[in-house]
Amino acid sequence: MTSLIHDYAALFAGNLRSYGQYNAKTDRAVTEKGEPTIEHYQAHISGEMGLGIVPISDGGTVMFGAIDVDAHESEDDIDHQALIRKIEQHRLPLVVCRSKRGGAHCYLFGSEWLPAKVVIRLLSSWRDMLEIPGLGPKKIKALYEKLNVASLADLEKACKDDKVAALDGFGT
């Protein structure tokens, strides 16, 4: 089992300065400073604690990226089989995992560190190709280039600081 956890941690390698943890019992999420340990990955895999990895390194590279597919406007879960068929039809190198809330995470894994800008462009275009609603490539590009948003945590902070609403095409 230890070997599998190390393999899992290697797949989800990310920034070494911080990571997120979510405790379902207390419904509390926190950002921790430092590098996640194998014990953190073990707790995540066993369901004891949620673990959020910041994908982008300080050098602007990533080992993985994801398209987050949620049905927030609907009570229905995502049709994972239909999503997988679309991905296979387009021959995209994505791995689909069911999220805890019925959505899906479509992961792209690299065998080496890849430029984050390239991965963001790929995932954005694939999201459009798969007709998945959400932020389109132009808005993702604007968030990244103008506000240096490279993760959900970055986006949340930019929204709280009213920076996103100030961008053309985002505000009211």
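Everything that follows concerns the structure shown earlier in this document.
Each value, and the rule that gives it
- Residues numbered from 1 in each chain as written.
- Predicted model: local features only at pLDDT ≥ 70, side-chain atom pairs only at ≥ 80, totals over all residues.
- Heavy atoms only, no water.
- Salt bridge = Lys/Arg side-chain N within 4 Å of Asp/Glu carboxyl O.
- Helix = DSSP H or I, 4+ residues; strand = E, 2+ residues; numbered from the N terminus.
- Buried < 20%, exposed > 50% of the residue type's maximum accessible area, 1.4 Å probe, protein only.
- Pairing = 2+ DSSP bridges.
- Axes fitted to C-alpha atoms, helices over the stretch in contact; angles between N-to-C directions.

A. Representation of the pattern of salt bridges within the structure. For the coordinates displayed, the defined rule picks out 1 salt bridge. With a closest N to O distance of 2.8 Å, D58 and R17 form a salt bridge. In this pair, D58 is assigned in the loop between β3 (50–53) and β4 (61–69) and R17 in the loop between α1 (2–11) and β1 (18–23), connecting sequence segments 41 residues apart. On the basis of relative accessibility, which here comes to 57%, the residue D58 falls in the exposed class.

B. View of the sheet that holds β3. Strand order in the open sheet formed by 3 strands is β2-β1-β3, and the pairing between neighbours is antiparallel. Two strands bound the open sheet, and with one partner strand each, they are β2 (28–33) and β3. Within this sheet the neighbouring strands show an average axis-to-axis angle of 25°, counted without direction. With 4 bridges joining them, β1 and β3 adopt antiparallel strand pairing.

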